[in-house]
Amino acid sequence: MTLTQLITSYQTAGGALTGDALADSAGEVWALMLSESRGRMLEADDTGPLYELVAQCFRHMVEYAAGGEALQSETLGQWTRTYRDSGRGRDRQLLTILRQYLGETGLLYRGL
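Let us look at the structure shown here. (Residues numbered from 1 in each chain as written. Predicted model: local features only at pLDDT ≥ 70, side-chain atom pairs only at ≥ 80, totals over all residues. Heavy atoms only, no water.)

Scanning the chain for helices and strands turns up five helices and two strands. Along its sequence from the N terminus, the chain presents helices and strands in the succession α-α-α-α-β-β-α. Looking at the chain as a whole, 32% of its 112 residues qualify as buried. Contacts in the chain between residues at least 24 apart in sequence constitute 71% of all its contacts with a sequence separation of at least 6. Carbon and sulfur atoms provide 49% of the accessible area of the chain, an area that totals close to 7,000 Å². (Helix = DSSP H or I, 4+ residues; strand = E, 2+ residues; numbered from the N terminus. Buried < 20%, exposed > 50% of the residue type's maximum accessible area, 1.4 Å probe, protein only. Contact = heavy atoms within 4.5 Å. Areas by Shrake-Rupley, 256 points an atom, 1.4 Å probe, with all protein chains shown as cover.)

Moving on: helix H1 (residues 3-12). Those residues of H1 that sit buried are Leu6, Ile7, Ser9 and Tyr10. The buried residues of H1 occupy one face: seen down the axis, they fall within an arc of 160 degrees. Seen from the buried face of H1, the exposed residues on the opposite side, beyond 90 degrees, are Thr4 and Thr12. The inward-facing, buried residues of H1 contact helix H2 (19-37) and helix H4 (48-65). (Arc of directions from axis to C-beta.)

Before going further, it helps to spend a moment on unusual backbone geometry. Despite not being glycine, Arg38 has its phi angle at roughly 50 degrees, a positive value. When you line up the elements, Arg38 lands in the loop between H2 and helix H3 (40-43).

The next point concerns the side chain of Ser9. Among the structural elements, Ser9 can be located in helix H1. Note on Ser9: relative accessible area 12%, which makes it buried. Residues in contact with Ser9, not counting those within four places in the same chain, are Tyr51, Ala55 and Arg59.

Turning our attention to the nonpolar core. Membership of the largest hydrophobic core comes to 26 residues, with the highest contact counts inside it found for Leu6, Met33, Val54, Phe58, Met61, Val62 and Leu102. Secondary structure elements with two or more residues in this core: H1, H2, H4 and helix H5 (88-102). Ranked by residue count, the leading element in this core is H4, at eight residues. Not counting chain neighbours up to four residues away, the residues in contact with Met61 comprise Val29, Leu32, Met33, Leu94, Ile97 and Leu98. (Core = buried A, V, L, I, M, F, W, Y, C linked by side-chain atoms within 4.5 Å.)

Structure (structure tokens):
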């Protein structure tokens, strides 16, 4: 399984991202998938139900990753507070998506 195959699957499924936005999000997601699987993604069969599950996970993660930093704000009367998410919540959510889709497949690293 390769990044190119997953990007092609994303585009074939009608994914909304294109160009640099797709390349950036896909690269980030693929790096996370490789890291969390300790490279097992590269050895996974690129056909069949497991590939479809990985492709669905990839599509979901790419769309989520493209959302960018979350701007948070609240207002109470004349008092206003605004800040940007440091990215930690976003990273946690990407890991959650990955584990929901692939947690039971044997692809993700679970320690020794």
